[in-house]
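Inside the fold
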Amino acid sequence: FNPHLRAQLLTERDGSPLHRAARNMAAAIGALHGRNYIIGDLNESNILVTPQALVTVIDIDSFQVKEEHDGQIIFYPCPVGRPEYTPPELQGKRFKGEVRQPEQDAFALAVLIFQLLLGGSHPFRTIWLGNGDPPPMEEKIFLGLFPYAKATARGLVAPPPTLSLDILHPPLANLILRCFVDGHDNPKKRPLPAEWENTLKEAEKNLRNCTNQHVYAGHLIKCPQCGARPV
């Protein structure tokens, strides 16, 4: 999701591999959940993406595994996690004793999809206008200070308009709001991988090119990157 590194790997000026990589990532995570595995430590360093947008999940020794033994369900928990990909209900907790749920992977998945589609920016990245030091990322996640929501904490401002949710396919933007706003107090409201997969597929179909060959969402009347009209 780093634009400069991506430019070195992808020769075609085509934004659809980002949507396809996000869709393939959602499909892979959904397949793991279907076999009762939870990734737990889901972050950018354990997802590899090829120039063809194929996805490989690595670093699987920390997965949460569930098995039945002598009629009892035994969990082998995931003992690690990165704060910036950890949902609010797990912030500050000791992972070793936690039995994680699919909706907690869903939080990290939404962070990664946001980063893929919006230039690597973290969804809880903000501009700080208050006094003193800005709150750390994990505190903003814990308190639900999502800067794209209607109401955020005093002193926190969303990043520039180039990172607006309005530039995304509207159903994708709705999934992001569901995850980080509705899903803050109720994790069950977070979109699961299958819904991301279907919505990303439709979003990719609706992409268009401007006269400068930038790729953007089809509902926009002009390119958000350069202002040019569609081809």
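Residues numbered from 1 in each chain as written. Predicted model: local features only at pLDDT ≥ 70, side-chain atom pairs only at ≥ 80, totals over all residues. Heavy atoms only, no water.

**Concerning the overall build of the chain**
Tallying secondary structure elements over the chain gives six helices and eight strands in all. The C-alpha radius of gyration computed for the chain amounts to 18 Å, which stays within 12% of the reference 17 Å derived for 231 residues, consistent with globular compactness. With respect to the principal axes defined by its C-alpha atoms, the chain has extents near 65 × 45 × 30 Å. Classification of the 231 residues of the chain by burial places 41% in the buried group. (Helix = DSSP H or I, 4+ residues; strand = E, 2+ residues; numbered from the N terminus. Rg over C-alpha atoms; globule rule 2.2 N^0.38 Å. Buried < 20%, exposed > 50% of the residue type's maximum accessible area, 1.4 Å probe, protein only.)

**Notes on the pattern of salt bridges**
Oppositely charged side chains can form a pair if their charged atoms are brought close together. Counted according to the given criterion, the structure contains eight salt bridges. For the salt bridge of arginine 82 with glutamate 84, the shortest nitrogen-to-oxygen distance reads 2.9 Å. Judged by relative accessible area, arginine 82 falls into the partly exposed class, the value being 27%. Note that arginine 190 is salt-bridged to glutamate 89, the shortest N-O span being 2.7 Å. You can see arginine 190 sitting in the loop between helix H5 (170-185) and helix H6 (193-205) and its partner glutamate 89 sitting in the loop between strand E4 (72-76) and helix H3 (102-117), a full 101 residues away along the chain. (Salt bridge = Lys/Arg side-chain N within 4 Å of Asp/Glu carboxyl O.)

**Quick word on the side chain of glutamate 103**
Secondary-structure assignment places glutamate 103 in helix H3. Polar contacts involving the side chain of glutamate 103 include one to the side chain of lysine 188, which spans 3.4 Å. Sequence-distant contacts of glutamate 103, defined by excluding residues within four places in its chain, comprise Pro187, Lys188, Arg190 and Leu192. (Polar contact = N/O pair within 3.5 Å; in protein donor to acceptor, adjacent residues only side chain to side chain. Contact = heavy atoms within 4.5 Å.)

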